[in-house]
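# Inside the fold
So you can see what is in the structure, the chains are spelled out below.
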Amino acid sequence: MTDLYDRLQTAAQAIAEATGHARHDVVVVLGSASGDFPEHLQESTAIPYPQIPGFPVPAVKGHAGTLYSTTFGDNRVLLLSGRVHAYEGYNPDVLTFAVKACLAAGCHTLVVTNAAGGCGDGMTAGSIVLIADHINLAGINPLMGPNDDRLGTRFPDMSDTYTPGLRRLALEVAAEQDIALSEGVYAWFLGPTFETPAEVEMARRLGADLVGMSTVPEVICARHMGRNIIGLSVVTNLAAGIATHRLTHEDVTATANLVKEDFRRLLSALLPRI
Ligand code: HPA
């Protein structure tokens, strides 16, 4: 098989050809809390994942695999609608391929979004939280394996991974939009089980405010490639042991639905200013 670098160039070229744009500026991963965000785009080109060489095809219900190309202000933006997760059995290389291909297509900034359980002080279901940092509790790392120096260094620094200037911008934009936005630390669990109450308590004591099953692999790869990063979580539920009821995917989706309007406003106001 050709090496990763070449496969990324091939995918980036396919994106350029399918969209008619040699370069894009920002890539957004639309997680399961993103609602119908793509349906509100003024003008966009939609490319089904299978048309882009190397893109994985998501299996989870409600995770359609479509790449959208659109503009927000002067920014040409790629939206990944449908992400694959480590718990589906993909190896970390496949899992992060789509994001890396979009970064190879020129994007200087990655915006990651997700649904998460809240475990920190003050977290409430239905709120939007800006990710300030993360804790990798999944026991795997997408950079495992040989390193390609053309993509990034073997031992990437992870301080200020969530770009401080962009965090300030997000808080400013949220205030302007009258949307409450706090900051929190996201802990990545492998899933697909929701966490046990003991695991949530562990994460909380370690400094986590949010628990979830995604985001961190893409963020690590973007950091490796030297890109700017911004992360937004929708707290769809209080995490196990803090919540007084059992957790279901349906509840997660239902709460995400309630927040989707604010989420869309925030993201739409933020994207032109990145
Ligand atoms: N745990 C992990 N992932 C999640 C949760 C949770 O409580 N809610 C939404 N995604």
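Above this text sits the structure in question.
Residues numbered from 1 in each chain as written. Predicted model: local features only at pLDDT ≥ 70, side-chain atom pairs only at ≥ 80, totals over all residues. Heavy atoms only, no water.

### So, the overall build of the protein
Check the secondary structure of the protein and you find seven helices and nine strands. What you see for the protein is a C-alpha radius of gyration of 17 Å, in line with the 19 Å of a compact globule of 274 residues. Expressed along its principal axes, the backbone C-alpha trace of the protein runs to roughly 50 × 40 × 35 Å. Per-residue burial over the protein gives 53% buried out of 274 residues. A separation of at least 24 residues holds for 82% of the contacts in the protein among residues at least 6 apart in sequence. If you average the places of the 19 positive and of the 29 negative side-chain charges in the protein, the two averages end up 2 Å apart. (Helix = DSSP H or I, 4+ residues; strand = E, 2+ residues; numbered from the N terminus. Rg over C-alpha atoms; globule rule 2.2 N^0.38 Å. Buried < 20%, exposed > 50% of the residue type's maximum accessible area, 1.4 Å probe, protein only. Contact = heavy atoms within 4.5 Å. Lys, Arg positive; Asp, Glu negative; His and termini not counted. Charge placed at Lys NZ, Arg CZ, Asp CG, Glu CD.)

### Comments concerning the packing of helix α1 (residues 4–19) against helix α3 (residues 97–104)
The N-to-C vectors of α1 and α3 enclose an angle of 70 degrees; their axes lie 8 Å apart at closest approach. With respect to their mutual orientation, α1 and α3 come out roughly perpendicular. In terms of crossing hand, the pair formed by α1 and α3 is right-handed. Between α1 and α3, the residues in contact are Leu-4, Arg-7, Leu-8, Ala-11, Ala-12 and Ile-15 and Phe-97, Lys-100, Ala-101, Cys-102 and Ala-104, respectively. (Axes fitted to C-alpha atoms, helices over the stretch in contact; angles between N-to-C directions. Parallel < 35°, antiparallel > 145°, perpendicular 65-115°, else oblique. Left-handed = near helix turned anticlockwise from the far one by under 90°.)

### Describing the packing of aromatic side chains
Counted by the stated rule, this structure contains three aromatic pairs. Each ring, one from Phe-55 and one from Phe-97, has its centre 6.4 Å from the other, and the planes form 85 degrees; the classification is edge-to-face. Taken as a pair, Phe-55 in the loop between β2 (45–48) and β3 (66–72) and Phe-97 in helix α3 lie far apart in primary sequence, 42 residues in all. With respect to class, Phe-55 is no different from Phe-97; both count as buried. These aromatic residues form a ring-pair network of at least three members: Tyr-49, Phe-55 and Phe-97. (Phe/Tyr/Trp six-rings, centres within 6.5 Å; stacked < 30°, edge-to-face > 60°.)

### Some remarks on the packing of helix α4 (residues 164–176) against helix α7 (residues 249–270)
Running from amino to carboxyl end, α4 crosses α7 at an angle of 125 degrees, the nearest separation of the two axes being 9 Å. Here α4 lies oblique to α7, going by the angle between them. For the pair α4 and α7, the sense of crossing is right-handed. Across the interface between the two elements, Leu-169, Ala-170, Val-173 and Ala-174 from α4 touch Leu-266, Ala-269 and Leu-270 from α7.

### Some details on α4
With 13 residues, α4 ought to run about 18 Å at 1.5 Å a step, and its terminal C-alpha atoms sit 19 Å apart, in line with that. Listing the buried residues of α4 in full gives Leu-166, Arg-167, Leu-169, Ala-170, Val-173 and Ala-174. For α4, the angular spread of the buried residues around the axis is 160 degrees, confining them to a single face. Turned more than 90 degrees from where α4 packs its buried face, Arg-168, Ala-175 and Glu-176 sit exposed. Residues of α4 that are buried in the fold lie against β5 (109–118), β6 (128–136), β7 (181–188), β9 (228–238) and α7. The positive-phi residue at the C-terminal boundary of α4 is Asp-178, with phi of around 60 degrees. (Expected span 1.5 Å × (residues − 1). Arc of directions from axis to C-beta.)

### Here we look at unusual backbone geometry
Most peptide bonds adopt trans geometry, and most residues besides glycine take a negative phi value. Each neighbour pair has its own omega, and for Gly-191 with Pro-192 the value is 0 degrees, a cis peptide bond. Counting through the fold element by element, Pro-192 comes out in the loop between β7 and α5 (197–206). With phi around 60 degrees, Asp-178 is a residue other than glycine that occupies positive phi space. Assignment of secondary structure puts Asp-178 in the loop between α4 and β7. Despite not being glycine, Thr-215 shows a phi value in the positive range, around 75 degrees. You can see Thr-215 is positioned in the loop between β8 (210–212) and α6 (216–224).

### Here's the deal with the nonpolar core
One finds Phe-55, Leu-67 and Leu-80 to be the most contacted residues of the largest nonpolar core, which totals 47 residues. Grouped together as the second largest cluster of nonpolar side chains are 34 residues, Ala-115, Leu-232, Val-234 and Val-252 included. (Core = buried A, V, L, I, M, F, W, Y, C linked by side-chain atoms within 4.5 Å.)

### So, the site of the ligand
With respect to spatial proximity, the complete set of residues near the ligand consists of Ala-115, Ala-116, Gly-117, Phe-194, Glu-195, Val-211, Gly-212, Met-213, Thr-236, Asn-237, Leu-247 and Val-252. Across the complex, the protein chains shield 94% of the 260 Å² of accessible surface that the ligand would expose by itself. Of all the secondary structure elements, the ones that give two or more residues to the shell around the ligand are β5, β8 and β9. Residues that form the shell around the ligand fall into these classes: seven nonpolar, four polar and one charged. (Near = heavy atom within 4 Å. Areas by Shrake-Rupley, 256 points an atom, 1.4 Å probe, with all protein chains shown as cover. Nonpolar A, V, L, I, M, F, W, Y, C, P; charged D, E, K, R; others polar.)

### So, α1
Within an α-helix, residues lying three or four positions from one another point in the same direction, as the helix has 3.6 residues per turn. Helix length check: α1 (16 residues) gives 22 Å between terminal C-alpha atoms against 22 Å at 1.5 Å per residue, within 8%. Along α1, the positions that sit buried rather than exposed are Leu-4, Leu-8, Ala-11, Ala-12, Ala-14, Ile-15, Ala-16 and Thr-19. Buried residues along α1 sit against β2, β3, β4 (75–81), α2 (92–95) and α3. Among the residues trailing α1, Gly-20 stands out with phi positive, at a value near 75 degrees.

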